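# Examining the three-dimensional arrangement
Chain residues, written in single-letter form:
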Amino acid sequence: MRNLTDLVIVGAGPAGLMAAKTAAEMGLKVTVIEKKKEISKIRRACCAQFVMDNGYENEFLQIQDGKIMFTRNNFSVPYTGRLVNVKNSFYYSPSGHKIHIAHSDGRPLAIKFDKGQLLQNIMEECEKLGVEFRTETLAYGGTDLGNSVKLELKSKEKTSTIEAKKLIIAEGVNAKLTDIFGLNNGRSLFGTPFVLLYTIEKTCDFEPESWIQYYGSVYHPFAEIIVGPTLEGTDTIELTIMGNKNILPETFFENIIKNSPLKNNFKHSQIIDKKGCSLKSYSSLRKPYLGNVISIGDSAAHIEVIVQGAIMCGYHAAKAVYEELNERNGFEQYTSWWNDAFDFNRTEFNNFISLYGSLAMRPKYTDAELDYMFSLLQGKTLCGIFSQFETPKIVWRSILEHKEQIQSEQPVLFDKISKLYSLNLSA
Ligand SMILES: Cc1cc2nc3c(=O)[nH]c(=O)nc-3n(C[C@H](O)[C@H](O)[C@H](O)COP(=O)(O)OP(=O)(O)OC[C@H]3O[C@@H](n4cnc5c(N)ncnc54)[C@H](O)[C@@H]3O)c2cc1C
C-alpha cells in the first residue's frame, strides 16, 4: 500500500479536534480539514453551557485546575477560559408565574464556557502532537475505495484530493459527507429550524446565573424564547429565538424588546452580537459507520449531542480507528458506546419529535392555560436537573400532581392535557 495518512478528519469542531488529539496521542498520522480560516472563531449560534447532571450522556463532568474532566470516560481536556455558573432554571408564564428548578445545595445545573477558547486549547494540543491542519478547505465529495478513502477538497478555488486509511466525518449538524458516503439511508429529516442568538448588553432585572424560558403568545407564537447568561457580566444576556424558513426568528425580535412583558428589561439595551444558524434536524444514526468511514458528533445526530458529547464522540472514535487499523472491530465498539450513551438513541426516544411534541407547552396551550398551570407550581423549587430530555418530564409530572384540582377547576384544560400529553395522566 502507498504511504497513506492514517486518518483524515473533516471538521475542527469539538468532535473533530478531540478525535485528532486522541488519535495523534496514539501515534496515528492525522490530517484535519476545516472550511473556516480560524478554527477558534465561532460563527454559528451556540449557547455553550456544559450540562452538570450526574449521568448525563452517561458522564459526570468536573471542572478544575484548567481541565474539563470526564470522570466516567476517564479522560480530560485542557480549558483556560472563563466560566459562569448557571444555578437556576426558570419557566415563566405570560403573566409572570414562574416554575423554578435548582439544586437545594446551590450547585450549578450547568456551566457557561467560552467555546472558542476550548477549541483553541484542544487545537494547541493537536499542534504539539503534529496534527496537520488544512484550514479554508472544504471537503465536498469522496469515495470509499475499499483499502482507503479518497476525499475531494476545495481551497481558494483550487481543487485537490487527499487519501487516508480511515475517514472521520465531524462536519456538524448539516453534514453533507454523511450522505455522500451512503450513511443517511433510512434517516428521517424532522425539519429545518432556524435559530438566532442575540448577545445584548445594558439589560436589567434578569435573574443572574439563570437559564430562563418565557412562554406564551406575548413573546412568540409557537415556541418559547430563552434568556441565558454570558461571560460578560450580569447586564449582558443571550437571547435565543427560534423560527423557520417561512417565519425567520428576527421577525419576533422587535416585539420582544418593545412590546412584550420584558420591554423594560430591554429599555436601554444594545445588541453587541448576533449569530444564526439553520439546522437540519435528522434522526440519529444508529449505525454511524460504513466501510472505512465513521460519522461522529452532530454529523450523526443533531445539536442535542452538545459540546461535551461531541468531545466524547471524538475520543471514542479515535480509539475506534486505532482498533480498526489493528484489524479489530473498533467501529462496532464505538457503535455500542454511542447507542448507550445518548438519550436520543435509546428506545424510549425512538420517535424523538413526537415525544417532545407531546411535552411541548407552545403552541398547544393558550396563555391563560399556561398561567393557570404555572401558578400551580409558584413558590416551589423542583429538583435540580438541566437535561433537555428530563426537565420537561419533571415539569409535567409536577403539574400533574395537581390533576384532581385541574380536573375540577379547568375541565376543558384537563381534557386537552389528557389528549396531548403522551406519558398519560397516571405518569
Ligand atoms: C442554538 C444552539 C445552541 C446550542 N447550545 C449549546 C449549549 O448550550 N451547550 C452545548 O454544549 N452545546 C450547545 N449546542 C450544540 C453544539 O454547538 C454542538 O452539539 C457541537 O458544537 C457539535 O460539535 P461537532 O464537532 O459535532 O460539530 P460542529 O461544532 O458543528 O463542528 C463542525 C465543524 O466542521 C466544519 N465543517 C463543516 N462542513 C465542512 C466541510 N464540508 N469541510 C470542512 N469543514 C467543514 C465547520 O466549519 C465546523 O468547524 C448548541 C447548538 C445550537 C445551534
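Quick notes on the rules
Residues numbered from 1 in each chain as written. Predicted model: local features only at pLDDT ≥ 70, side-chain atom pairs only at ≥ 80, totals over all residues. Heavy atoms only, no water. Helix = DSSP H or I, 4+ residues; strand = E, 2+ residues; numbered from the N terminus. Rg over C-alpha atoms; globule rule 2.2 N^0.38 Å. Buried < 20%, exposed > 50% of the residue type's maximum accessible area, 1.4 Å probe, protein only. Contact = heavy atoms within 4.5 Å. UniProt positions renumbered as here; feature names shortened; annotations may be inferred. Near = heavy atom within 4 Å. Polar contact = N/O pair within 3.5 Å; in protein donor to acceptor, adjacent residues only side chain to side chain. Areas by Shrake-Rupley, 256 points an atom, 1.4 Å probe, with all protein chains shown as cover. Pairing = 2+ DSSP bridges. Axes fitted to C-alpha atoms, helices over the stretch in contact; angles between N-to-C directions. Core = buried A, V, L, I, M, F, W, Y, C linked by side-chain atoms within 4.5 Å. Domains from an automatic or database assignment.

## What about the overall build of the protein chain?
Secondary structure assignment for the protein chain yields eleven helices and 24 strands. The C-alpha atoms of the protein chain give a radius of gyration of 23 Å, which matches the 22 Å a tight globule of 427 residues would have. By principal-axis analysis of the C-alpha atoms, the protein chain measures approximately 75 × 45 × 45 Å. Evaluated residue by residue, the protein chain yields a buried proportion of 54% over its 427 residues. Sequence-distant contacts in the protein chain: of pairs separated by 6 or more residues, those separated by 24 or more amount to 69%.

## Looking at the UniProt feature "domain: FAD/NAD(P)-binding" (unreviewed entry) in the protein chain
Sequence positions flagged by UniProt for "domain: FAD/NAD(P)-binding" (unreviewed entry) are, in local numbering, residues 6-184. This span, residues 6-184, is 17% helix and 40% strand, and a straight line between its end C-alpha atoms measures 24 Å.

## Here's the deal with the site of the ligand
By nearness alone, 32 residues border the ligand, and E34, Q49, A139, E171 and V307 come closest of all. Within the backbone of P14, a nitrogen or oxygen atom sits 3.3 Å from an oxygen atom of the ligand. Measuring from an oxygen atom of the ligand, one finds a side-chain N or O atom of K115 at 3.0 Å. About the coverage of the ligand: the protein hides 91% of its 1000 Å² of free accessible area.

## Considerations on the side chain of T236
On the secondary structure map, T236 appears in the loop between β18 (225-229) and β19 (237-243). Beyond its immediate chain neighbours, meaning those up to four positions away, T236 contacts T199, I200, E201, T203, T230 and I272.

## Quick notes on the sheet that holds strand β5 (residues 67-70)
Read from one edge of the open sheet, three strands run β4-β5-β6, paired in antiparallel fashion. Either end of the sheet is taken by a strand with one partner, and the two such strands are β4 (61-64) and β6 (75-78). In this sheet, neighbouring strand axes are inclined to one another by 20 degrees on average, regardless of whether the strands run parallel or antiparallel. Sheet topology places β5 next to β6; four bridges connect them, and they run antiparallel. Note on β6: the bridge partner recorded for M69 is S76. Where helix α2 (residues 115-128) meets the sheet, it contacts β5 and β6, and its direction lies at approximately 105 degrees from that of β6. Strands β4, β5 and β6 of the sheet are contacted by helix α5 (residues 306-325), whose axis makes an angle of about 115 degrees with β6.

## Details of the sheet that holds strand β7 (residues 83-86)
On the basis of which strands lie adjacent, the open sheet formed by three strands has the order β3-β10-β7 and antiparallel pairing. Each end of this open sheet is capped by a strand with a single partner; those strands are β3 (49-51) and β7. Averaged over all neighbouring strand pairs, the angle between strand axes comes to 25 degrees, with direction disregarded. Sheet topology note: the β7/strand β10 (residues 110-113) ladder contains four bridges and is antiparallel.

## Let's talk about the nonpolar core
Core analysis: the biggest nonpolar cluster contains 89 residues, and V30, L118, L151, I168, I296 and W338 have the highest contact counts within it. Tallying contributions element by element places α5 first for this core, with ten residues. Looking at which domains feed residues into this core, each of domain 1 (5-42 + 114-188 + 282-345) and domain 2 (193-278) gives three or more. Discounting residues that sit within four places of it in the chain, V30 has contacts with T5, L7, I9, A20, A23, A24, V131 and E132. Grouped together as the second largest cluster of nonpolar side chains are 24 residues, L359, W396, F414 and I417 included.

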